[in-house]
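Now for the letters of each chain:
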Amino acid sequence: MRPDTVVPSAVPAVEPITPPPATPPHDETVPHTHPEPGVDPHPPLARAGRALRVGIGGPVGSGKTALVAALCRAFADELRLGVVTNDIYTTEDADFLRRAGVLDPARIRAVETGCCPHTAIRDDIGANLDAVDELAEAVGPLDLVLVESGGDNLTATFSRGLVDRQIFVVDVAGGDKVPRKGGPGVTAADLLVINKTDLAPMVGADLAVMDRDARARRGDLPTLFLSIVGDPTATSVADWIRHELAHHAALHPLAVPVGPA
Ligand SMILES: Nc1nc2c(ncn2[C@@H]2O[C@H](COP(=O)(O)OP(=O)(O)OP(=O)(O)O)[C@@H](O)[C@H]2O)c(=O)[nH]1
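These figures come from a predicted structure and were not determined experimentally. (Residues numbered from 1 in each chain as written. Predicted model: local features only at pLDDT ≥ 70, side-chain atom pairs only at ≥ 80, totals over all residues. Heavy atoms only, no water.)

> Explain helix α2 (residues 92–100) to me, please; I cannot follow it from the model alone.
An α-helix turns once per 3.6 residues; consequently, residues spaced three or four apart project the same way. Buried within α2 we find D93, A94 and L97. Taken down its axis, α2 places every buried residue within 100 degrees of arc, on the same side. In the core, the buried residues of α2 are packed alongside α1 (64–75), β2 (81–87), β3 (108–112) and β4 (144–148). G101 lies just past α2 and shows a positive phi near 65 degrees. (Buried < 20%, exposed > 50% of the residue type's maximum accessible area, 1.4 Å probe, protein only. Helix = DSSP H or I, 4+ residues; strand = E, 2+ residues; numbered from the N terminus. Arc of directions from axis to C-beta. Contact = heavy atoms within 4.5 Å.)

> Whenever I open this one, the site of the ligand confuses me. Can you help?
Taken together, 18 residues surround the ligand, and among them K64, T65, A66, D198 and I228 come closest. Taking N195, its side chain carries an N or O atom lying 3.1 Å from a nitrogen atom of the ligand. One nitrogen or oxygen atom from the side chain of K196 is found 3.1 Å from an oxygen atom belonging to the ligand. For the ligand, whose unbound accessible area comes to 650 Å², protein coverage reaches 67%. (Near = heavy atom within 4 Å. Polar contact = N/O pair within 3.5 Å; in protein donor to acceptor, adjacent residues only side chain to side chain. Areas by Shrake-Rupley, 256 points an atom, 1.4 Å probe, with all protein chains shown as cover.)

> Just to check I follow, could you spell out the sheet that holds β4 for this structure?
Two pairing modes exist for strands in a sheet, parallel and antiparallel, and in both the strands are linked by backbone hydrogen bonds. Across the sheet, which stays open at both edges, the 7 strands sit in the order β3-β2-β4-β1-β5-β6-β7 with parallel pairing between neighbours. Two strands bound the open sheet, and with one partner strand each, they are β3 and β7 (223–225). Looking at each pair of strands side by side, their axes are set apart by 20 degrees on average, direction ignored. Those strands touched by helix α4 (residues 126–139) are β1 (52–57), β2, β3 and β4, and its axis lies near 160 degrees from that of β3. Strands in contact with helix α9 (residues 235–251) are β1, β4, β5 (165–171), β6 (191–195) and β7; relative to β5, the strand with the most contacts, it is inclined by about 170 degrees. (Pairing = 2+ DSSP bridges. Axes fitted to C-alpha atoms, helices over the stretch in contact; angles between N-to-C directions.)

> Hey, could you run me through the pairing of β6 in this one?
Within a regular strand, the side chains alternate between the two sheet faces. Along β6, 5 of the 5 residues are buried, which leaves the element largely enclosed by surrounding structure. Residues of β6 alternate between two faces, with L191, V193 and N195 on one and L192 and I194 on the opposite face, all of them buried. Note: β5 against β6, 5 bridges, orientation parallel. Its bridge partner lying in β6, F168 is registered against L192.

> Explanation requested: the pattern of salt bridges in the structure shown.
Side chains bearing opposite charge may pair, as long as their charged atoms lie close to each other. Enumeration over the complete set of coordinates arrives at 12 salt bridges. With a shortest N-O distance of 3.4 Å, D95 and R98 are connected by a salt bridge. One end of the pair, D95, and the other, R98, are both in helix α2, 3 residues apart, so they sit about a helical turn from each other. Taking relative accessible area as the criterion, D95 reaches 30% and is therefore assigned partly exposed. (Salt bridge = Lys/Arg side-chain N within 4 Å of Asp/Glu carboxyl O.)

> I tried to follow the UniProt feature "binding site: GTP" (unreviewed entry) in the protein on my own but got confused; where do I start?
Cross-referencing UniProt, the feature "binding site: GTP" (unreviewed entry) maps to G58, P59, V60, G61, S62, G63, K64 and T65 in the present numbering. A relative accessible area of 4% places K64 in the buried class. Residue contacts for K64: discarding those within four places in its chain leaves I56, G57, G58, P59, E148, S149, G150, G151 and V169. Note that T65 resides in helix α1. On the basis of relative accessibility, which here comes to 13%, the residue T65 falls in the buried class. Here T65 is in contact with D93, F96, L97 and E148, once residues within four sequence places are set aside. (UniProt positions renumbered as here; feature names shortened; annotations may be inferred.)

> Mind showing me how you'd approach the packing of α1 against α9 here?
Relative placement of two packed helices is described by the angle separating their axes and the distance separating the axes. Close contact between α1 and α9 brings their axes to 10 Å; oriented N to C, the two are set at 65 degrees. Between α1 and α9, the crossing angle belongs to the class labelled roughly perpendicular. Along this stretch, α1 crosses α9, giving a crossing that reads as right-handed. Only V237, A238, I241 and R242 of α9 make contact with α1, whose side of the interface consists of L67, L71, A74 and F75. Grouping the constituent residues of the contact of α1 with α9 by class yields 7 nonpolar, no polar and 1 charged. (Parallel < 35°, antiparallel > 145°, perpendicular 65-115°, else oblique. Left-handed = near helix turned anticlockwise from the far one by under 90°. Nonpolar A, V, L, I, M, F, W, Y, C, P; charged D, E, K, R; others polar.)

Given below as structure tokens:
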């Protein structure tokens, strides 16, 4: 069975879901806001003649860096790619990508947010915008920029002032309840990736239940099941990005057509 394939099984009817509070309290000390879902503090990006920007967010350890590495393997020889990583206190994720040798190190920039990851991708996006600009100046023109958020909770979303599309990555390791819990990351991301399907039998996670709950939460928005261990180029996610890139490039052509570096 392909890792992104779910065999629907007989799933018992689900009880009505009570949505979690939109603005759960937590104890971070850095000033930041928890706007209502759908409220974006920044206007959408001006689009003409620039790379497609895709944000990759999700809880700690769900596989965001592993997905970025997989997409680098998929695209390094196909597109002009840049990557921006976010960590709170280190450059850990960028260092991992450089060590993995999946992309020219000059095409990777690290942002040390020093604050809640969601602050740096939604409220105070200046450091990430600067990092994208620096990449474009140093190694541009670029076709695609991946911006990886630090690990955060289910409320984290990217501002449309920073990215054009957002992927939210959750995993099955904590059981099959995460899609049911909702939150803007699960409900509103352009693509939901449910990663580590290879671990489902070990943790007793029912992928059909996750599929059902994701559909209930997301309506027509797509969800892909993935095991990066089983598919190191994340084929289905790479195909989704190719589709989005073709759409973006058709609307906003680059001076140099999309292609390898
Ligand atoms: N079994 C299995 N492990 C995976 C898979 N994808 C990622 N992992 C492992 O999960 C762990 C966390 O992966 P990361 O990519 O570092 O997760 P992350 O979301 O970037 O983590 P933070 O940056 O700390 O939030 C690593 O040990 C990965 O090797 C998968 O599909 N299957």
